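What the coordinates show
Here's the letter readout for the chains.
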Amino acid sequence: MEIFTSFDSQKKKIKERLVRSINKLFLPSSDDKKQLHIWTTYRYDLSQEAAVAISSKSVDSSELEIKMPRPADWLQGMEYMPNHIILKPKNGELPVLTLDADFLRTLDAVENGYPVGLLAPQYEQAAAMFLQQLDNYGYAEENDDGEIILASRTNSSKKTVLIQDGKYDFEEGEE
């Protein structure tokens, strides 16, 4: 509820926290709040959690905005409490990620280190669909320096492949 009550005064901080939390859904050690990475996961067995996420594109958080529904002008003066916020591109109406109170609680739990594998999968699926749509609508850009991030979701580590001038370089470590 704090997000809804402090929305207007804390918009930038709330958006940064959302971006970081969504990144943490795919790489728990991530602390990136400036870039919303376009993560892709693969799994061959639906009964098991996807152990690896890959990102080669991202959307700068300055290109995204959060909005909260407001009552119609004719409803002014009546009690109103919003039940969701949305995350969307600044210069477009689609795609939209609707974050209700339960989704926000889930992202807060992820932000505080709660294991993603123990959470309800629908929020990760909604985030993954939003990320894919951002890419499909042309909002995502290739990571700097031809960077490809390989994230191990089981031990929160990452390996980065840098591709420059047809040459490969590798980095290892946590986010």
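Our structure is the block above this text.
All of these numbers come straight from a predicted model, not from anything done at the bench. (Residues numbered from 1 in each chain as written. Predicted model: local features only at pLDDT ≥ 70, side-chain atom pairs only at ≥ 80, totals over all residues. Heavy atoms only, no water.)

All right, on to helix H2 (residues 11-26) then. Over its 16 residues, H2 runs 24 Å from end to end, which matches the ideal 22 Å to within 8%, given 1.5 Å per residue. Within H2, burial applies to Ile 14, Lys 15, Glu 16, Leu 18, Val 19, Arg 20, Ser 21, Ile 22, Asn 23, Lys 24, Leu 25 and Phe 26. (Helix = DSSP H or I, 4+ residues; strand = E, 2+ residues; numbered from the N terminus. Expected span 1.5 Å × (residues − 1). Buried < 20%, exposed > 50% of the residue type's maximum accessible area, 1.4 Å probe, protein only.)

The next point concerns the packing of aromatic side chains. Tallied over the entire structure, the rule returns 2 aromatic pairs. Geometrically, the ring pair formed by Phe 26 and Trp 39 is stacked, given 6.3 Å between the ring centres and 15° between the ring planes. A residue pair is termed long-range when its members are at least 10 positions apart, and Phe 26 in helix H2 and Trp 39 in strand S1 (residues 35-41) qualify at 13 residues. Here Phe 26 and Trp 39 have matching classes, each one buried. (Phe/Tyr/Trp six-rings, centres within 6.5 Å; stacked < 30°, edge-to-face > 60°.)

Let us now look at the pairing of strand S2 (residues 52-60). Every other side chain in a regular strand lies on the same face of the sheet, so the side chains alternate between the two faces. Sheet topology note: the S1/S2 ladder contains 7 bridges and is antiparallel. Bridge pairing in S2 places Thr 41 opposite Ala 53. As paired elements, S2 and strand S7 (residues 147-152) share 4 bridges and run antiparallel to each other. Note that in S7 the partner of Ser 55 across the bridge is Ile 149. Here S2 runs beside strand S6 (residues 141-142); their pairing, made up of 2 bridges, is antiparallel. Looking across to S6, one finds that Lys 57 is bridged to Glu 142. (Pairing = 2+ DSSP bridges.)

Within the open sheet, the 3 strands sit side by side as S3-S4-S5. Their pairing is antiparallel. Edge positions in the sheet fall to strand S3 (64-67) and strand S5 (97-100), since each of these pairs with one other strand and no more. Taken pair by pair, the neighbouring strands of this sheet meet at an average axis angle of 20°, ignoring direction. With 4 bridges joining them, strand S4 (residues 84-89) and S5 adopt antiparallel strand pairing. Residue pairing for S5: Ile 86 is matched across the bridge by Thr 98. Contacting S3, S4 and S5, H2 runs over the sheet at an angle of about 115° to S3. (Axes fitted to C-alpha atoms, helices over the stretch in contact; angles between N-to-C directions. Contact = heavy atoms within 4.5 Å.)

To continue, consider the environment of Lys 57. If you trace the backbone, Lys 57 turns up in strand S2. A residue is classified by how much of its surface remains accessible, and Lys 57, at 23% relative accessible area, is partly exposed. For the pair Lys 57 and Ala 109, spaced 52 residues apart in sequence, the C-alpha separation works out to 25 Å. Setting aside its immediate chain neighbours within four residues, Lys 57 contacts His 37, Ile 38, Asp 135, Ala 140, Glu 141, Glu 142 and Asn 143.

It is worth stressing that arrangement in space is one thing and function is another; only the former is reported here.
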